[in-house]
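Observations on the model geometry
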There are 2 protein chains.
Amino acid sequence: MFKIIKTENLARRGIFETVHGTIQTPFFMNVGTSAAIKGGISSLDLKELKCQVELCNTYHLHIRPSDDVIYKMGGLHKFMNWDRPILTDSGGFQVFSLAKLRKIKEEGVYFNSHVDGKKIFMGPEESMRIQSNLASTIAMAFDECVENPSPREYVKPSCDRTTRWLYRCKAELDRLNTLDKTINKNQMLFGINQGGTFDDLRIEHAKTISELDLSGYAIGGLAVGEPTEVMYHILDIVEEHLPRNKPRYLMGVGTPSNIIEGVARGIDMFDCVMPSRNARHGTVFTWQGIRHLNNQKYIADTSPIDEECDCPVCRSFTRGYIRHLFKAGEQLAGRLAVMHNLYFYNTLMEKIRLSLDENRFEQFRKEYSEKLSTLI
Amino acid sequence: MFKIIKTENLARRGIFETVHGTIQTPFFMNVGTSAAIKGGISSLDLKELKCQVELCNTYHLHIRPSDDVIYKMGGLHKFMNWDRPILTDSGGFQVFSLAKLRKIKEEGVYFNSHVDGKKIFMGPEESMRIQSNLASTIAMAFDECVENPSPREYVKPSCDRTTRWLYRCKAELDRLNTLDKTINKNQMLFGINQGGTFDDLRIEHAKTISELDLSGYAIGGLAVGEPTEVMYHILDIVEEHLPRNKPRYLMGVGTPSNIIEGVARGIDMFDCVMPSRNARHGTVFTWQGIRHLNNQKYIADTSPIDEECDCPVCRSFTRGYIRHLFKAGEQLAGRLAVMHNLYFYNTLMEKIRLSLDENRFEQFRKEYSEKLSTLI
């Protein structure tokens, strides 16, 4: 299913076959939390923006409109009108970051909905059943995401429990994939490496979950409080302990620079709300660096957001117009900026892949890794 | 410039030539108050939605980003990236409905900006200069829009002042159209009929402004408090006193039913925020009647908003999905509903034109005039 066609040092250029189509790796997933990208972006727009994979959140969809409704409507693909691959988060991260009054037990997590306070229980089996109902291409294992820094006394037992939960996830998803009523019988399961910022825990956990021969492996619990250098260090030490022939996913990361550095450390998959969230506040990424569109200097600027960009927004609208839309509180402002930023991220991945194809990824990295994070 | 190619009783099917392209009449203008349609609709979307003419507001654009900025950027067409006709409101209606602490004098209106409270003066000449800077296709005369009902002692002198203001508008726009710096030297001026709900004042005023041989005539001061039947009555009595060979514009109206009834009374042009405003609250127009998408009955409904509609939204998304987006507070909800409603209004006009072409407008009117306003 996953084939590496080229490497440059640790960086990998691959092809990932799924029942919903082929993904060129490395790639960036566009985040549609509640089955829509924030800022008014539809699945029709996503195709124009070169999105390969959309990511949706199990927790949000379970609460509203419920996975039962989505199952009844034929699964997430039909629900959103998106025929390419979808990855669903396990719900774990949202339970730990959004839900109220949560209690973690061996069986799973008891918590209250952040929408209406309703009591909910979610464990590995529940997460798999919900994701099976959603019928995503890739289901993520239910884990505990621990913030950094956390004491070793907390991280070690949490990490062990995450391992036990992973076994339960696999058993349950294997069972669900055989059921007649299941929409996507080829749903894949990815395990998630945890272990906080402790080298030995990370390595031990990576080795343990690798034994399970899952469809892919994520590195979780990063970009949750630790310095960037610590994140890169964890990637450096974990890399060799994850199976080479499986896609690797760095969860919730990051800036264009983080992504280039992640690829350099053997990562194939990324996701982050940053391009859409920043865009909604007027911050856009360009090939020259980062711009704040609210800046007074753009008031009558007739250039596009990025002269080097050929996205639908840069082909049609000016900095001055989009700045005006932000100042006037028009929703179109956010929409145009989000479209540009997602196109930028998806194009960044395209350029990374092309540089790998042409054996010049290290050169690309030198040219862009710092530049793209500079404010201009 | 305006040619009637067919009539059925008082209803007219025409062609209206402008420097920004030919308009098929009767038509509905899509309202982009601050140079954007609310709900995240861009000028690229508008073409897909069969919009012929966009309407923008002089008052809003004067205040933000200012007509000077838009002039500097090449006028409203370049600013919004819209190459078809644009009509600009005179600012009068907004001054009277939005601005604070206003004082009406013979020279014009003194008021405070609703954004930052800044003192502003706008009279006929200022309105023309702003609209000339915006370089719209059609400029509207600066008038006073009086709410209904208002006493005759107020309406009569107001109406006379609106006439004097119209003469000043014409003189100023004639002058502006000859200036070298002017972007659109063919900018057209429409006069606006006022007179409240008084038959004799309406008729007298219609006769007076008709003498000016303007590019078109609007009927203003309707749909501002009076019952629908009173509005239709005013249209009935004013119709014969407006020049036959000029387009007639019923300002700020209305429901699909109002539009059909307006066409039946000899109106060629309409505008209204209703389709976009209602859409943003989940209310959509269909060929069977009006739906509230927030209704619980649509929760798992896999039909499009309207099975008879071929708009980009109905071709791709279900009632259940859009209802979910409204409940989850996703901006995409409003965007999809607004797109559908604007497409519906523009298609309504297309169907009205076709029925006139085929001498069956009265039949169309009988079939749809009531039906389209029924809640289903």
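Residues numbered from 1 in each chain as written. Chains lettered and ligands numbered in written order. Predicted model: local features only at pLDDT ≥ 70, side-chain atom pairs only at ≥ 80, totals over all residues.

1. Looking at the relation of the copies chain B and chain A
The operation relating chain B to chain A is a screw motion whose rotation component is 180°, with 0.0 Å of axial translation and a residual RMSD of 0.0 Å. Such a combination of rotation and displacement between the chain copies is what one expects of a two-fold axis. For chain B, the minimum C-alpha distance to the rotation axis belongs to Gly40 of chain B and amounts to 3.5 Å. Counting the interface residues of chain B, we find that 100% of their copies in chain A are interface residues as well, pointing to one common contact surface. (Least-squares fit on C-alpha atoms with pLDDT ≥ 70 in both. Contact = placed C-beta atoms within 7 Å.)

2. Considerations on the interface of chain B and chain A
Contacts between chain B and chain A engage 33 residues on the former and 34 residues on the latter. Those elements that place two or more of their residues in the side of chain B that touches chain A are α3 (67-72), α4 (76-80), α12 (319-327) and α13 (331-357) of chain B. At five residues, α12 of chain B tops the list of elements feeding residues into the side of chain B that touches chain A. Counted by class, the side of chain B that touches chain A contains 17 nonpolar, ten polar and six charged residues. (Helix = DSSP H or I, 4+ residues; strand = E, 2+ residues; numbered from the N terminus. Nonpolar A, V, L, I, M, F, W, Y, C, P; charged D, E, K, R; others polar.)

3. Digging into the nonpolar core
Within the largest apolar cluster, 201 residues are counted, with the highest numbers of intra-cluster contacts made by Phe190 and Ile322 of chain A together with Phe190 and Ile322 of chain B. In this structure, Ile322 of chain B is in contact with Leu293, Ile305, Phe317, Ala333, Leu336 and Ala337 of chain B, ignoring residues within four places of it in sequence. (Core = buried A, V, L, I, M, F, W, Y, C linked by C-beta atoms within 7 Å. Buried ≥ 20, exposed ≤ 12 C-beta atoms within 10 Å, placed from the backbone.)

4. Quick notes on the packing of helix α6 (residues 124-134) of chain B against helix α7 (residues 152-176) of chain B
All names here are of chain B. At a closest axis distance of 8 Å, the pairing of α6 and α7 adopts a crossing angle of 35°. Remark: the crossing between α6 and α7 carries right-handed chirality. Along the contact surface, α6 presents Pro124, Glu125, Ser127, Met128, Arg129 and Ser132, while α7 presents Trp165, Arg168, Cys169, Glu172, Leu173 and Leu176. Here the residues of the contact of α6 with α7 are counted per class, giving six nonpolar, two polar and four charged. (Axes fitted to C-alpha atoms, helices over the stretch in contact; angles between N-to-C directions. Left-handed = near helix turned anticlockwise from the far one by under 90°.)

5. Brief notes about the domain arrangement of chain A
All names here are of chain A. Split by domain assignment, chain A resolves into domain 1 (2-272) and domain 2 (282-373). Between domain 1 and domain 2, the C-alpha centre-to-centre distance is 27 Å. Taken together, the contact pairs 26 residues of domain 1 with 28 residues of domain 2. Residue assignment for the side of domain 1 that touches domain 2 shows that the elements contributing at least two residues are β1 (2-8), β2 (11-18), β4 (27-31), α1 (43-48) and α10 (256-264). (Domains from an automatic or database assignment.)

6. Concerning the pairing of strand β16 (residues 289-292) of chain B
Residues and elements named next belong to chain B. With four bridges joining them, strand β15 (residues 283-286) and β16 adopt antiparallel strand pairing. Across the sheet, the residue bridging to Thr286 is Gly289, located in β16. As consecutive antiparallel partners, β15 and β16 are separated by two residues. (Pairing = 2+ DSSP bridges.)

7. Details of the sheet that holds strand β13 (residues 248-250) of chain B
All names here are of chain B. Overall, parallel pairing links the eight strands, which are arranged β4-β5-β6-β10-β11-β12-β13-β14 in a closed barrel. Averaged over neighbouring strand pairs, the angle between their axes works out to 30° when direction is ignored. Here strand β5 (residues 54-57) runs beside strand β6 (residues 86-89); their pairing, made up of four bridges, is parallel. Bridge pairing in β6 places Leu55 opposite Leu87.

8. Examining the sheet that holds strand β5 (residues 54-57) of chain A
Strand order in the closed barrel formed by eight strands is β4-β5-β6-β10-β11-β12-β13-β14 (chain A), and the pairing between neighbours is parallel. Along the sheet, successive strands turn relative to each other by an average axial angle of 30°, direction set aside.

9. Quick word on helix α14 (residues 361-368) of chain A
Residues and elements named next belong to chain A. Among the residues of α14, Phe361, Phe364 and Arg365 are the ones counted as buried. End-on, the buried residues of α14 take up no more than an arc of 100°, which puts them together on one face. Exposed and facing more than 90 degrees away from the buried side of α14 are Gln363 and Lys366. Among the structural elements, β1, β2, α10 and α13 (331-357) are those in contact with the buried residues of α14. (Arc of directions from axis to C-beta.)

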